Amino acid sequence: MKKNNVVTLNQFISDQQNKFPFVQGNLSRIFRDLQLAAKMINRDVRQAGLIDILGNFGETNVQGEEQKKLDVISNEVFMRLMDMSGAVVCVVSEEDEGIHWCPDGADAKYILAIDPLDGSSNIDVNASIGSIFSIYKRLDMDKPVTEADILQKGIEQVAAGYIIYGTATMFVYTTGNGVNGFTLDDSISEFCLSHPNIQTPKSGKIFSVNEGNLNEFPQGVIDYINWCKGTNKEEKRPYSARYIGSLIADFHRNLLKGGIYLYPPTAKAPNGKLRLLYECNPMSFLVEQAGGKASNGQQRIMEIQPTEFHQRTPIFIGSADMVDQVMGMM
Ligand code: AHG
Ligand code: MN
Ligand code: MN
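Predicted, not measured: the structure shown is a model, and the values here were computed from it.

Rules used throughout
Residues numbered from 1 in each chain as written. Chains lettered and ligands numbered in written order. Predicted model: local features only at pLDDT ≥ 70, side-chain atom pairs only at ≥ 80, totals over all residues. Heavy atoms only, no water. Near = heavy atom within 4 Å. Polar contact = N/O pair within 3.5 Å; in protein donor to acceptor, adjacent residues only side chain to side chain. Helix = DSSP H or I, 4+ residues; strand = E, 2+ residues; numbered from the N terminus. Nonpolar A, V, L, I, M, F, W, Y, C, P; charged D, E, K, R; others polar. Domains from an automatic or database assignment. Pairing = 2+ DSSP bridges. Contact = heavy atoms within 4.5 Å. Axes fitted to C-alpha atoms, helices over the stretch in contact; angles between N-to-C directions. Parallel < 35°, antiparallel > 145°, perpendicular 65-115°, else oblique. Core = buried A, V, L, I, M, F, W, Y, C linked by side-chain atoms within 4.5 Å. Buried < 20%, exposed > 50% of the residue type's maximum accessible area, 1.4 Å probe, protein only. Donors = N, O, S within 2.8 Å, 3.2 Å for Na, K, Ca; no water. Buried area = accessible area lost by both parts, 1.4 Å probe. Salt bridge = Lys/Arg side-chain N within 4 Å of Asp/Glu carboxyl O. Left-handed = near helix turned anticlockwise from the far one by under 90°.

As a further point, take the site of ligand 1. Taken together, 16 residues sit near ligand 1, with D118, S120, Y243, Y261 and Y263 positioned nearest. The separation between an oxygen atom of ligand 1 and a polar side-chain atom of D115 is 3.0 Å. Here an oxygen atom of ligand 1 sits 3.4 Å away from a polar atom, N or O, in the main chain of L117. Breaking the shell around ligand 1 down by element, the ones donating at least two residues are strand 3 (110-118) and strand 11 (260-263). Among the elements that take part in the shell around ligand 1, strand 3 stands out by supplying three residues, more than any other. Here the shell around ligand 1 is built from residues that sort into six nonpolar, five polar and five charged. For the shell around ligand 1, the two domains that each supply at least three residues are domain 1 (3-195) and domain 2 (206-329).

Right under this line is the structure:
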């Protein structure tokens, strides 16, 4: 039987660095720290049912210690590692209102945006959750970092990815040269290349949307969802509805199998729910690198000019033909 080579994420990154000399050591350093964060959060997620860390932030447990939600713990893990790395100037996180400045990062080149734990509502019920990251270069090394450095368009991302804590833990990322997925081998505590050069199918049979909001969606979206549910043997409809309610888990499945994820505007939330900087932009970079598409209904997600750190945007993301189809119907 032919045995495949084992390629760890560290090895892969170091090989990439040799191939693309512009990917300098500092970016590798960030990836090393992101991996470590992933392993630490993975450990906490796996033990969440065993140790007393489930529950609401602000509550105290029987020992009188403050209980923390896993998303607060995850945020602290990322911040601690980025503070130590010296490769990141500052971090924007879903868990923090303002900018987190890294004490040793004044001369660093990179800016990080994170959703430390995505799909929080799934933590207590043992469904898949994840962490999302997006990396930018600061605009000018000779000038201090301002809001403009952080509010860059998605097309300026130098790297993006996510870690999914599912039945297995995976690290999936892109630096603009395709998408690669690594599965954590617990026995050696290494992410190993398991999904090289991920390409998402051009079309699929899965649609993922919170249909509870259906009556609040724009008419074009309602028409599209009804079309997905209509019968047409040649077009393999009706499609299957799959919605975990954890962007990472829904996105990851659709990326591999083909499908579309929709978070449209609603009457209550005209800008949708998901955040541009640390949810939609990184997912859009990944999906485009895998051959798919991402739009807010009017324009490519990665071409939106951000105006606020925690800005929201509607999103239609996934297999290229499916995104085109919903756009056509809107
Ligand atoms: P987070 O846990 O980081 O706040 O994100 C939750 C998001 C996303 O993961 C998911 O796709 C979406 O919320 C689900 O929203 P609905 O419950 O409104 O469908
Ligand atoms: Mn999220
Ligand atoms: Mn979150």
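Turning to the sheet that holds strand 4 (residues 129-137), a few remarks are in order. One open sheet holds the eight strands; their spatial order is 2-1-3-4-5-6-7-8, and the pairing between them is mixed. Pairing within the sheet leaves two strands with one partner each, and these edge strands are strand 2 (100-101) and strand 8 (190-195). Against the sheet, helix 1 (residues 9-19) makes contact with strand 6 (169-174), strand 7 (179-185) and strand 8, and its axis sits at roughly 10° relative to strand 6, the strand it touches most. The strands touched by helix 3 (residues 70-85) are strand 1 (88-93), strand 2, strand 3 and strand 4; relative to strand 3, the strand with the most contacts, the crossing angle is about 160°.

Glancing now at the sheet that holds strand 11. Reading across from one edge, 10-9-11-13-12 is the order of the five strands in this open sheet, with mixed pairing throughout. Looking at strand neighbours, the two that pair on one side only are strand 10 (240-241) and strand 12 (293-295), the edges of this open sheet. Of the strand pairs in this sheet, strand 9 (residues 206-208) and strand 11 are connected by two bridges, and their pairing is parallel. Paired with F207 across the strands is I260, a residue of strand 11.

Attention shifts here to the packing of helix 6 (residues 247-257) against helix 7 (residues 276-289). Packing of helix 6 against helix 7 leaves a shortest axis separation of 12 Å and a crossing angle of 10°. Taken together, the axes of helix 6 and helix 7 lie roughly parallel to each other. Where helix 6 approaches helix 7, its residues L247, I248 and F251 are matched on the opposing element by E279, M283, L286 and V287. Residue classes in the contact of helix 6 with helix 7 are distributed as six nonpolar, no polar and one charged.

Let us now look at the nonpolar core. Most often, soluble globular proteins keep nonpolar side chains buried together rather than apart. In this structure, F133, I135 and F171 are the most contacted members of the largest nonpolar core, which totals 40 residues. Broken down by element, this core gets its largest block of residues, nine residues, from helix 2 (residues 25-46). Apart from residues no more than four positions distant in its own chain, I135 is found in contact with L27, I30, F31, L34, Y110, I111, L112, Q157, V158 and A159. Ranked by size, the runner-up nonpolar core spans 39 residues in total, among them I150, Y162, V172 and I304.

Our focus in this paragraph is the coordination of the manganese ion (ligand 2). Around the manganese ion (ligand 2), the protein supplies D115 (OD), D118 (OD) and E279 (OE) as donor atoms, at distances of 1.9 to 2.2 Å. Each donor residue of the manganese ion (ligand 2) belongs to the same chain, with the gaps between them written as D-x2-D-x160-E. The metal-metal distance between the manganese ion (ligand 2) and the manganese ion (ligand 3) is 3.7 Å, with D115 coordinating both. Of this pair, D118 sits in strand 3 while E279 sits in helix 7, and the two are 161 residues apart along the sequence. Using a relative accessible area of 5% as the deciding quantity, one classes D118 as buried.

Right, let's talk about unusual backbone geometry for a bit. In this structure, the amide linkage connecting R237 to the following residue, P238, adopts the cis form with an omega of 5°. You can see P238 is positioned in the loop between helix 5 (219-229) and strand 10. For S189, which is not a glycine, the phi torsion comes out positive at approximately 55°. Turning to its location among the elements, S189 is positioned in the loop between strand 7 and strand 8. Of note, K236 is a non-glycine position whose phi angle comes to about 60°, a positive value. Within the secondary structure, K236 is located in the loop between helix 5 and strand 10.

With that out of the way, let us pick up the domain arrangement of the protein chain. Domain assignment breaks the protein chain into domain 1 (3-195) and domain 2 (206-329). At the interface, 45 residues of domain 1 touch 30 residues of domain 2. In total, about 2,800 Å² of surface goes out of reach between domain 1 and domain 2, with carbon and sulfur atoms giving 67% of it. Inspection of the region where domain 1 meets domain 2 yields zero salt bridges.

Where helix 1 contacts helix 2, the axes come no closer than 10 Å and their chain directions differ by 170°. The orientation of helix 1 with respect to helix 2, classified from their angle, is roughly antiparallel. Like other packed secondary-structure pairs, helix 1 and helix 2 cross with a definite hand, here right-handed. Judged by residue contacts, L9, N10, I13 and Q17 of helix 1 engage G25, S28, F31, R32 and Q35 from helix 2.

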